[in-house]
Amino acid sequence: MESGDGYQTTIYTCSFEGKFRDIHKVNDHTYSMTVNYISVQDEMGRSWVEDGVRYMISEPQALGMDAGDSFFLYTPDAPVEELPEDVLTSGRAELWNLYQETGLLSCYGLYNTSQERGFYQF
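None of these values were measured; they are calculated from a predicted model.

Caption draft 1: View of the environment of Val49. Its location among the elements puts Val49 in strand E4 (residues 47-50). For Val49, a relative accessible area of 45% translates into the label partly exposed. Distance from Val49 to Gln8, taken between C-alpha atoms, is 9.8 Å for residues 41 residues apart in sequence. Non-local contacts of Val49, meaning those with residues more than four positions away in its chain, are made with Gly6, Tyr7 and Arg54.

So, in structure tokens, the structure goes:
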């Protein structure tokens, strides 16, 4: 945990947009795709402190998004047993509890196969 004068923790954030290419349906709940491009919407390295938290602008690559990386998109109701373990362990503990109860994904999940990192839509 990074702390300093006026803040107790640091949150890395990045505002960006991009586009996927080579989108293919794998099965009823999964699509494969590749990041075509990413455009950053903010100044890299900019930081500010708000309510005791330092926010720092990071590169999308540091957060798991990079041009050329391959992804799987999982739709809600995808059976958990079909997902890589990294998809589940990359998420929040509350999501894991929901998976345990239903056996199905409760939201959209995006999994970077190149970096083995998962993202969720809430």
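That shown, we press on.
Caption draft 2: Looking closely at the pairing of strand E8 (residues 117-120). Residues Gly118 and Tyr120 point to one face of E8 and are all buried, whereas Arg117 and Phe119, pointing to the other face, are not buried. Between strand E7 (residues 109-112) and the antiparallel strand that follows it, E8, lie four residues; Glu116 among them carries a positive phi value of about 55 degrees.

Caption draft 3: Representation of the packing of aromatic side chains. Applying the stated rule across the entire model yields three aromatic pairs. Between the aromatic rings of Phe20 and Phe71, the centroid separation amounts to 5.7 Å while the plane-to-plane angle is 75 degrees, which identifies the pairing as edge-to-face. On the criterion of sequence distance, the pair formed by Phe20 in strand E2 (residues 16-27) and Phe71 in strand E6 (residues 70-74) is long-range, its members being 51 residues apart. For Phe20, a relative accessible area of 25% gives the class partly exposed. Both rings, one in Phe72 and one in Tyr74, keep their centres 6.1 Å apart while their planes meet at 45 degrees; by these two values the pair is tilted.

Cut-off values and rules
- Residues numbered from 1 in each chain as written.
- Predicted model: local features only at pLDDT ≥ 70, side-chain atom pairs only at ≥ 80, totals over all residues.
- Heavy atoms only, no water.
- Helix = DSSP H or I, 4+ residues; strand = E, 2+ residues; numbered from the N terminus.
- Buried < 20%, exposed > 50% of the residue type's maximum accessible area, 1.4 Å probe, protein only.
- Contact = heavy atoms within 4.5 Å.
- Pairing = 2+ DSSP bridges.
- Phe/Tyr/Trp six-rings, centres within 6.5 Å; stacked < 30°, edge-to-face > 60°.

Without other data, these values stay purely geometric and don't point to any function.
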